[in-house]
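Below are the chains, spelled out letter by letter.
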Amino acid sequence: AVVEPAWESALISSHLIRLRIRDSRIDPYFLALFFMTLPGKMQIQKWSNGGVQPEISQPAVKVITVPVLPWPEQQEIRRLILLARALRTQSDNLLQAAKRAVEIAIEQDEAAGRAYLVQKMEVT
């Protein structure tokens with residue numbers, strides 16, 4: 001995952017490794033996504049150790065091969081990841097509003113539930 005600026009000073013668990021990308025050709029969102037793809041996962045599994053709790057060491061992370069896509073493609077990946085995150089938040093908010101609208105419809109009437117939902121959709 002990408003550590004957002006708000007979390008810069010957070011403590012990291014002993015089962016996590018924080019990577020600071022020194023290569024300016026690699027976008028952090030692209031790298032995080034790469035680690036979730038089959039080629040990224042396979043390399044992580046190859047270099048991981050431990051039986052019950054598989055882990056990867058910092059030296060092993062350094063030998064993982066990461067493709068360097070053209071910068072515009074990496075930026076498009078970043079844009080899509082951030083868009084997906086925003087849409088997921090919006091979807092969660094709309095679901096909560098729909099649940100509340102159903103409650104209002106049960107407690108009062110259907111028109112009140114619809115009015116609540118229309119108001120929430122205008123805000124979102």
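Check the entry above for the structure.
All of these numbers come straight from a predicted model, not from anything done at the bench.

### Focus: the overall build of the protein
- If you tally the helices and strands in the protein, you get 5 helices and 0 strands.
- Helices (α) and strands (β) of the protein occur, in sequence order from the N terminus, as α-α-α-α-α.
- Relative to its length of 124 residues, the protein is extended, with a C-alpha radius of gyration of 21 Å against a globular reference of 14 Å.
- In terms of its C-alpha atoms, the protein occupies a principal-axis envelope of roughly 65 × 40 × 30 Å.
- Considering the protein as a whole, with its 124 residues, one finds that 16% of them fall into the buried category.
- In the protein, of all internal contacts separated by at least 6 residues, the share reaching a separation of at least 24 is 53%.
- For the protein, the exposed area adds up to about 9,600 Å²; of that, 59% sits on carbon and sulfur atoms.
- Side-chain charges in the protein split into 15 positive and 13 negative, and the spacing between the mean points of these groups amounts to 10 Å.

### Considerations on the nonpolar core
- Membership of the largest hydrophobic core is limited to 7 residues, which are Ile 26, Phe 30, Leu 31, Phe 34, Phe 35, Ile 64 and Ile 77.
- The element contributing the most residues to this core is helix H1 (residues 28-36), with 4 residues.

### A look at the environment of Arg 20
- Within the secondary structure, Arg 20 sits in the segment before H1.
- For the pair Arg 20 and Gln 119, spaced 99 residues apart in sequence, the C-alpha separation works out to 44 Å.

### Brief notes about the packing of H1 against helix H2 (residues 38-47)
- It is at 4 Å that the axes of H1 and H2 come closest, and there the two elements cross at 70 degrees. Compared by their axis directions, H1 and H2 come out roughly perpendicular. Residues Phe 34, Phe 35 and Met 36 of H1 form the contact with H2, whose own contacting residues are Leu 38, Pro 39, Gly 40, Lys 41, Gln 43 and Ile 44.
- Here the residues of the contact of H1 with H2 are counted per class, giving 6 nonpolar, 2 polar and 1 charged.

### As for H1
- Within the span of H1, buried status applies to Tyr 29, Phe 30, Leu 31, Ala 32, Phe 34 and Phe 35.
- At its buried positions, H1 is contacted by H2 and helix H4 (71-107).
- Capping of H1 at its N-terminal end is provided by Asp 27; its side-chain oxygen lies 2.9 Å from the backbone amide nitrogen of Tyr 29.

### Remarks on a nonpolar patch on the surface
- Taken together, the side chains of Leu 80, Leu 83 and Leu 87 define a hydrophobic patch exposed on the protein surface, amounting to about 250 Å² of accessible area.
- Note on placement: Leu 83 falls in helix H4.

### Quick word on the pattern of salt bridges
- Taken as a whole and assessed by the stated rule, the structure comprises 7 salt bridges.
- Across the pair Arg 85 and Glu 4 runs a salt bridge whose closest N-O atoms are separated by 3.0 Å. Of this pair, Arg 85 sits in helix H4 while Glu 4 sits in the segment before H1, placing them 81 residues apart in sequence.
- What makes Arg 85 partly exposed here is its relative accessible area of 36%.
- As a salt-bridge pair, Glu 107 and Arg 100 come within 3.8 Å of each other at their nearest N and O atoms.

Scoring rules and cut-offs
- Residues numbered from 1 in each chain as written.
- Predicted model: local features only at pLDDT ≥ 70, side-chain atom pairs only at ≥ 80, totals over all residues.
- Heavy atoms only, no water.
- Helix = DSSP H or I, 4+ residues; strand = E, 2+ residues; numbered from the N terminus.
- Rg over C-alpha atoms; globule rule 2.2 N^0.38 Å.
- Buried < 20%, exposed > 50% of the residue type's maximum accessible area, 1.4 Å probe, protein only.
- Contact = heavy atoms within 4.5 Å.
- Areas by Shrake-Rupley, 256 points an atom, 1.4 Å probe, with all protein chains shown as cover.
- Lys, Arg positive; Asp, Glu negative; His and termini not counted.
- Charge placed at Lys NZ, Arg CZ, Asp CG, Glu CD.
- Core = buried A, V, L, I, M, F, W, Y, C linked by side-chain atoms within 4.5 Å.
- Axes fitted to C-alpha atoms, helices over the stretch in contact; angles between N-to-C directions.
- Parallel < 35°, antiparallel > 145°, perpendicular 65-115°, else oblique.
- Nonpolar A, V, L, I, M, F, W, Y, C, P; charged D, E, K, R; others polar.
- Polar contact = N/O pair within 3.5 Å; in protein donor to acceptor, adjacent residues only side chain to side chain.
- Patch = residues over 30% accessible without salt bridge, like charges linked within 9 Å, V, L, I, M, F, W, Y side chains within 5 Å.
- Salt bridge = Lys/Arg side-chain N within 4 Å of Asp/Glu carboxyl O.

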